[in-house]
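Residue-level structural notes
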Protein chains: 4
Amino acid sequence: MAGNTFGEVFKITTCGESHGGAIAVIVDGCPANLMLKESDIQHELDRRKPGQSHITTPRDEKDTIHILSGVFNNHTTGTPILLIAYNTDAKPQDYEHLKNVYRPSHADFTYQMKYGIRDYRGSARASARETLVRVASGAIAKKYLKEHLGVEIISHVESIGNIKTNIDIKDLSIDEVESDIVRCGDKETSMQMVNLIKHMQNTGNSVGGVIRCVIRGVPVGLGEPVFDKLHADLGKAMLSINAVKGFEIGSGFMGTTMDGVHHNDELYVDKNTQKVATKTNHSGGVVGGISNGEDIYFRVAFKPVSTIGTLQQTIDINNQDVTIECNGRHDACVLPRAVPIVDAMSAIVIMDHHLRHKIYQ
Amino acid sequence: MAGNTFGEVFKITTCGESHGGAIAVIVDGCPANLMLKESDIQHELDRRKPGQSHITTPRDEKDTIHILSGVFNNHTTGTPILLIAYNTDAKPQDYEHLKNVYRPSHADFTYQMKYGIRDYRGSARASARETLVRVASGAIAKKYLKEHLGVEIISHVESIGNIKTNIDIKDLSIDEVESDIVRCGDKETSMQMVNLIKHMQNTGNSVGGVIRCVIRGVPVGLGEPVFDKLHADLGKAMLSINAVKGFEIGSGFMGTTMDGVHHNDELYVDKNTQKVATKTNHSGGVVGGISNGEDIYFRVAFKPVSTIGTLQQTIDINNQDVTIECNGRHDACVLPRAVPIVDAMSAIVIMDHHLRHKIYQ
Amino acid sequence: MAGNTFGEVFKITTCGESHGGAIAVIVDGCPANLMLKESDIQHELDRRKPGQSHITTPRDEKDTIHILSGVFNNHTTGTPILLIAYNTDAKPQDYEHLKNVYRPSHADFTYQMKYGIRDYRGSARASARETLVRVASGAIAKKYLKEHLGVEIISHVESIGNIKTNIDIKDLSIDEVESDIVRCGDKETSMQMVNLIKHMQNTGNSVGGVIRCVIRGVPVGLGEPVFDKLHADLGKAMLSINAVKGFEIGSGFMGTTMDGVHHNDELYVDKNTQKVATKTNHSGGVVGGISNGEDIYFRVAFKPVSTIGTLQQTIDINNQDVTIECNGRHDACVLPRAVPIVDAMSAIVIMDHHLRHKIYQ
Amino acid sequence: MAGNTFGEVFKITTCGESHGGAIAVIVDGCPANLMLKESDIQHELDRRKPGQSHITTPRDEKDTIHILSGVFNNHTTGTPILLIAYNTDAKPQDYEHLKNVYRPSHADFTYQMKYGIRDYRGSARASARETLVRVASGAIAKKYLKEHLGVEIISHVESIGNIKTNIDIKDLSIDEVESDIVRCGDKETSMQMVNLIKHMQNTGNSVGGVIRCVIRGVPVGLGEPVFDKLHADLGKAMLSINAVKGFEIGSGFMGTTMDGVHHNDELYVDKNTQKVATKTNHSGGVVGGISNGEDIYFRVAFKPVSTIGTLQQTIDINNQDVTIECNGRHDACVLPRAVPIVDAMSAIVIMDHHLRHKIYQ
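Residues numbered from 1 in each chain as written. Chains lettered and ligands numbered in written order. Predicted model: local features only at pLDDT ≥ 70, side-chain atom pairs only at ≥ 80, totals over all residues. Heavy atoms only, no water.

**Here's the deal with the state of the cysteines**
All names here are of chain C. So the rule is basically this: When two cysteine sulfur atoms lie within 2.5 Å, the pair is treated as a disulfide. Buried, partly exposed and exposed residues are distinguished by accessible area as a fraction of the type maximum, computed with a 1.4 Å probe on protein chains only: under 20%, between the cut-offs, and over 50%, respectively.
Per the counting criterion, the structure on display carries zero disulfides over all chains. Take Cys213: it sits in no disulfide, and the sulfur closest to it among the cysteines is that of Cys184, at 15 Å. By relative accessible area, which is 0% here, Cys213 ends up buried. Not part of a disulfide, Cys326 finds its nearest cysteine sulfur in Cys333, a span of 17 Å. Judged by its relative accessible area of 10%, Cys326 is buried.

**Things to note about the interface of chain A and chain B**
In many analyses, interface size is given as the accessible surface area lost on bringing the parts together. We apply this condition: Residue contacts are counted whenever heavy atoms from the two residues lie within 4.5 Å of one another. Buried area: the sum, over both parts, of the accessible surface (1.4 Å probe) that disappears when the two are put together. Basic side-chain nitrogens of Lys or Arg form a salt bridge, by our definition, when they fall within 4 Å of a carboxyl oxygen of Asp or Glu.
Listed as interface residues are 105 residues of chain A and, on the opposing side, 104 residues of chain B. Together, the buried faces of chain A and chain B total about 8300 Å²; carbon and sulfur atoms form 62% of this surface. Here chain A and chain B share six salt bridges between them. Notably, a salt bridge pairs Lys236 of chain A with Asp233 of chain B, separated by 2.7 Å at the nearest N-O pair.

**Describing the pairing of strand β7 (residues 81-86) of chain D**
Residue and element names in this part refer to chain D. Note the following rule: Strands are runs of DSSP state E lasting at least two residues, helices are runs of H or I lasting at least four, and both sets are numbered from the N terminus onward. Two strands pair under a simple rule: DSSP has to find at least two bridges between them.
Most of β7 is tucked away, with five of its six residues classed as buried. Where strand β3 (residues 22-28) and β7 come together, six bridges link them in antiparallel fashion. Opposite Ala24, over in β7, you have Ile84 as the bridge partner. Inspection of the sheet shows strand β4 (residues 66-67) paired to β7 by two bridges, in the antiparallel sense.

**As for the relation of the copies chain A and chain C**
Here two copies of a chain appear, and what relates them is a rotation about an axis with a shift along it. The condition is simple: Copy-to-copy alignment: least squares on C-alpha atoms, limited to residues at pLDDT 70 or above in both.
You can overlay chain A on chain C at an RMSD of 0.0 Å; the transform is a turn of 180 degrees with a shift of 0.0 Å along its axis. Between the two chains, the operation in question is that of a two-fold axis. Interface residue correspondence from chain A to chain C reaches 100%, placing this contact among same-surface, isologous pairings.

**A closer look at helix α6 (residues 230-239) of chain A**
Within α6 of chain A, 10 of the 10 residues are buried, leaving the element largely enclosed by the surrounding structure. Burial in α6 of chain A covers these residues: Leu230, His231, Ala232, Asp233, Leu234, Gly235, Lys236, Ala237, Met238 and Leu239 of chain A.

**Structural notes on the sheet that holds strand β16 (residues 296-302) of chain D**
What counts here: Axis lines are fitted through C-alpha atoms, for helices just across the contact stretch, and the angle between N-to-C directions can take any value from 0 to 180 degrees.
With respect to topology, 10 strands assemble into an open sheet ordered β9(C)-β8(C)-β10(C)-β16(C)-β11(C)-β11(D)-β16(D)-β10(D)-β8(D)-β9(D), the strand pairing being antiparallel. Two strands close off the open sheet at either side, each with one partner strand: β9 (163-164) of chain C together with β9 (163-164) of chain D. In this structure, strand β11 (residues 244-249) of chain C lies alongside strand β16 (residues 296-302) of chain C, joined through five bridges in antiparallel fashion. Bridge pairing in β16 of chain C places Glu248 of chain C opposite Arg299 of chain C. Where helix α5 (residues 187-202) of chain D meets the sheet, its contacts fall on β8 (152-160) and β9 of chain D, and the angle it forms with β8 of chain D comes to roughly 60 degrees.

**Digging into the interface of chain A and chain C**
Stated formally: N or O atoms closer than or at 3.5 Å make up a polar contact, with two conditions inside protein: a donor-capable atom paired with an acceptor-capable one, and, for residues adjacent in sequence, both atoms drawn from side chains.
Listed by partner, the interface residues are six residues for chain A and six residues for chain C. Each partner contributes to the roughly 840 Å² buried at the junction of chain A and chain C, and carbon and sulfur atoms together form 65% of this total. Area buried by chain A at its contact with chain C is led by Lys358, Ile359 and Tyr360 of chain A, which between them contribute 55% of it. The interface formed by chain A and chain C holds zero salt bridges in total. Along the contact surface separating chain A from chain C lie one residue pair in polar contact (both at pLDDT 80 or more).

**Let's talk about helix α2 (residues 108-115) of chain A**
Of all eight residues making up α2 of chain A, six are buried, and the element is well covered by its neighbours. Looking at α2 of chain A, one finds that the buried residues are Asp108, Phe109, Thr110, Tyr111, Lys114 and Tyr115 of chain A. Each element contacted by the buried residues of α2 of chain A is listed here: β12 (267-269), β13 (276-278), β14 (286-287), β15 (290-291) and α8 (335-358) of chain B.

**Structural notes on a negative patch on the surface**
Residue and element names in this part refer to chain A. Note the threshold: Within the patch definition used here, like charges are joined within 9 Å and nonpolar side chains (Val, Leu, Ile, Met, Phe, Trp, Tyr) within 5 Å, considering only residues with over 30% relative accessible area and no salt bridge. Per-residue and other accessible areas follow the Shrake-Rupley method at a 1.4 Å probe size, with only the shown protein chains counted as cover for residues. Within this scheme the basic residues Lys and Arg register as positive and the acidic residues Asp and Glu register as negative, but His and the chain ends are omitted. Here the site of a charge means NZ on Lys, CZ on Arg, CG on Asp, or CD on Glu.
Side chains of Asp168, Asp171, Asp175 and Glu176 sit close together on the surface and give a patch of like negative charge. Counting through the fold element by element, Asp175 comes out in helix α4 (residues 174-178). We classify Asp175 as exposed; its relative accessible area is 59%.

**Observations regarding the packing of aromatic side chains**
The condition that has to hold: Each aromatic pair joins two rings of Phe, Tyr and Trp (for Trp, the six-membered one) with centres within 6.5 Å, and gets the label stacked for planes under 30 degrees apart, edge-to-face for over 60, and tilted for any other angle.
Evaluated as defined, the whole model comprises 22 aromatic pairs over all chains. Summarising the aromatic geometry, the rings of Phe227 of chain A and Phe6 of chain B are spaced 5.5 Å apart at their centres and angled 40 degrees between planes, so their arrangement reads as tilted. One end of the pair, Phe227 of chain A, is in the loop between β10 (209-216) and α6; the other, Phe6 of chain B, is in strand β1 (residues 5-6), on a second chain. There is no split in this pair, since Phe227 of chain A and Phe6 of chain B are both buried. Look at Tyr102 of chain B and Phe109 of chain B: their rings are 5.3 Å apart centre to centre, the planes differ by 70 degrees, and that puts the pair in the edge-to-face class. What makes Tyr102 of chain B buried here is its relative accessible area of 2%. On the basis of relative accessibility, which here comes to 5%, the residue Phe109 of chain B falls in the buried class.

By themselves, these are just geometric observations and shouldn't be taken as functional.
In structure tokens form, the structure reads like this:
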């Protein structure tokens, strides 16, 4: 009800504020006998952590993950897994100036109205720090999917502001993404993106962009046909990430300009694999809400972050006009660090639907 | 788990196949003492029903709704409401030719793989006929929201194929939409849309488009801040509608090209109403997952429908190559009839979050 | 939230009032490819229906069940199944005298307080008529469990008032139960029970009793170890039946007087079957919340029904003292007709946990 | 699905093994602005903790609770609350002898069969140590209910083995219970109970008993009328506690021997309070699944604990016959320490239904 749980079978319940004691998650419904060590998770967290390069926030959190339950002798036991990362570099005093003011386009105002109280330290629960444990949970799902089904999930930054790569996600490898601090995977475009981000950093401004994701190797049959369509759950997962304003699968908005004759993906049997395949993939790997075995690919739109170092008009908690200039430690562009978050939420959705589908087998 | 339920408090569970006995829904969680008659619901169904104009499918279903429980003396009693529409113009024989073949980009193949069995009559559960009871349930939510909160929901067709209106949804009235058979609301553009749809009908082809929706009068505070963000639930609701491939709220994908300075919506107090407002509304009425009192507006992308009267390559259930040309009674463009579906799903999401929010009050 | 849904995977959502249009249920999550005809369900309903013998209510409902979705060519398709029974012998005028009065120990008062409105015709939603569709849903579960797992569920009336049988449920057959109008299965005791029930009928009084249930053939491993223990879900299922005030599994309340040395069920390997078994079965087939392969058996306590033909003191809706004597068509003892309800709810719980357990396999 | 979550609105998700890193819970859905300090919770935990008297297990856990999220400046913020107690006195080496053997009537066998893996240290997740965070969560619910609704919850030990008190729970005070190490509240009977427990300790045996609970001051209207009846949820809550085998509300099993004329609770208006009341309370405060404003009272049956220091026959993981004598640190009788667990689960159910009922208001 209060919306801190995601998933039906592979179910994560998260908690924690940016400057409270810890960020944590209980992962319930993970199958038993998966080999799991903290280092399996830490690897993914390091991709998300602050301070990883000169284009991300300088906040210096180690984001060290601890497994406190559900794992015995390095194997999951089928019982709930508690993952926790203690907050060590919290500087609540940096946020005293936000105590009485609502930042524009920020959750300050809506939280205050909803709850009648607000933890004003560093965005608290509305901080992107909450996504830390999404990534941690996703690491478990990703490991399981890879080992059991051979599923591969790759996200990358397609555009930042108006700078956009034209590379085909079909051929993109995880190494290409990870060797690039922007996580675009196209070196030339990436350089332009870095310059844009630095410009935004220097001018107290921010910028958004688009992340694309491809999921390869998903078996046919995942997804429920009516409300819990596979892409509806992927869409919800993405839209639940901070700063996301849009989601499209397959042909998406562009597909609305095509006609049916050209949009339809004709079926055939692949001579080599003897598997049913489609000649085109405008559907993005999901038909009627159910995976059809083709690559699942989609786009996620991130708006520019709202906390910026430029003077803005706003109001305080007494509804008086004030100006504000934010000086906390924030990213001018979240996309490079958001790539593992998109990966993680994708993994969680696919994992959940994989387990849901077991009921039919 | 099987995904035929939507909502947490105002919860709908739907059932029914296109050519089975009936399409029905149990609406659970509707507050008691709402005045409710069948005619309140029928009105919305008539906006969705087939055969309403020369640009929609000629299937002749009356779509008469019956209330079989939960209402006493024309008032809801707090118990679950059963709404049912019997299928009267079912022509299953029209679909015998689909028994052994998978239509391209259609749920035939994925259903067969998922369940090992498939009701091949008229798309069965994958038929858009399933949305009939979404509209019926939405009619209840809409009535409640209007009477109790003054909420107004208006959707319209913004584009079909490459034909797009430039009217501002901010000023759009329900009458402008309903007086137009395309439900665009812009007479000039609408004529072009009609021509395009007829062209598609005549050539055995189909076309997609974009529906925009605005929700006015939503109180501040609806939505849960982490996974069940208001726009994440709206996104899921829309993506669960047949043929939808994309969703964006507020500035959406366009917003990814803006910088933070221009994207941020500055807060002020409206001198007349003394209410907190924002100067711009790039957020689309939702900040941090919670409504901020501004208009909620979003776009929904519909691909062209897959069942077309053009010869296509595909395979049969024995994986043999075959060609197919569909001759059932289908829309060449679903958008005019999809407008009330977008309305309905919006109403259900807002209603559900309104009731969820009561817990905090 | 409003509590009209039961189960997590095999999920039933019920609706309908005693004197409204119909009693119905949507059964979601039933696996595909189960052979299913209306007659499979009708058989169980006939065991529950009113007017089946001279010791039950004379209300003459045929309780004819209709399958309106989810079944194609006599097989389930994996889509939700709508089961509906129209109310045909409703006599709402019989209940006008209850419009303004609260019957003692009846839901009249609590419904009115909860909802501010009340359908006063024949107890409406609080009527035991609501259990009709529990039995119908349970018939599907029972059929599946029998065919796929060989599970057998037998309930019988152990006691009515102070009259109690001493037969061992371990040896009881369904034929013994069904050949007895009281559904006790012990002919001698049964005759005394019939006399007691008739005495209650004749004196405008009512009487309660205990139903025992045994479930044979449940595989090892069903049930979730913490909150959704198998017996906790069985307990909830039983306590949700009208008039039930108690539940005990295995040794139950009697077991509280035993010591651990005698209560513990020692494990051994059965020489014939090579299966792990226990020498005693004080646990009632569930250990740590999980089935251990032994017979599951439990008891359910039914209070005497509250609607009686004897003059009682009570108040009306204006809080004024009044007397009331009820003359609707009611059972003096619900137990014979409650046996199939206990069966059905047992089947639903076991079916649900069977499907839940598939996730681990 | 995996059953580690309880509640719909006030929702707890627990994790942790007896000898793992910690026992923890995320409490989601707690209203904002409740004053809350760790000491508010610690007080209830101390009632449950081991080593509190000479009749409980000597395991020396401080059970210190930490609040790591959801509370700001000693007030809840509406975000999820993480409560954690680190395991400090874990002695896993005490359990090496259990690695390859299944204790009779213990979850060893069923866990191994369900998951194919088992953490054999001190019963792990099946340990009553899991209830620590039930008590912690219940402390929050209890505080809220007391402050906002004036609800009072008192449980006590009614019987241990065959020793039973006759005191009336109606008049029982929390002080009487807490001043008695058995938590019976009847000094004379309590002394006999202590002797019985000590005898069991000395002879390597164990004993069960019955806990009664009364909940005073519950407003009219809580509970949902069909599956989520208030007493059905109370029953499930109790049956989910380790070692519980039975539950009865109001007249319970005894009520099955009464007739309707005497069992019915006649309604009247209390002259002093002007509130509707009942002359008797055989219903136990719940009618039609909904609270009627009278005291809610029920009984919970605890079997003798299965881990005993007496030689027993059993089998090992290779299905070979072995004998076992358990020498871990266990209670010979769990009832004195189970009283706060019954309190806590009661509080969680009432709190959850209080919040659920807000939707109707």
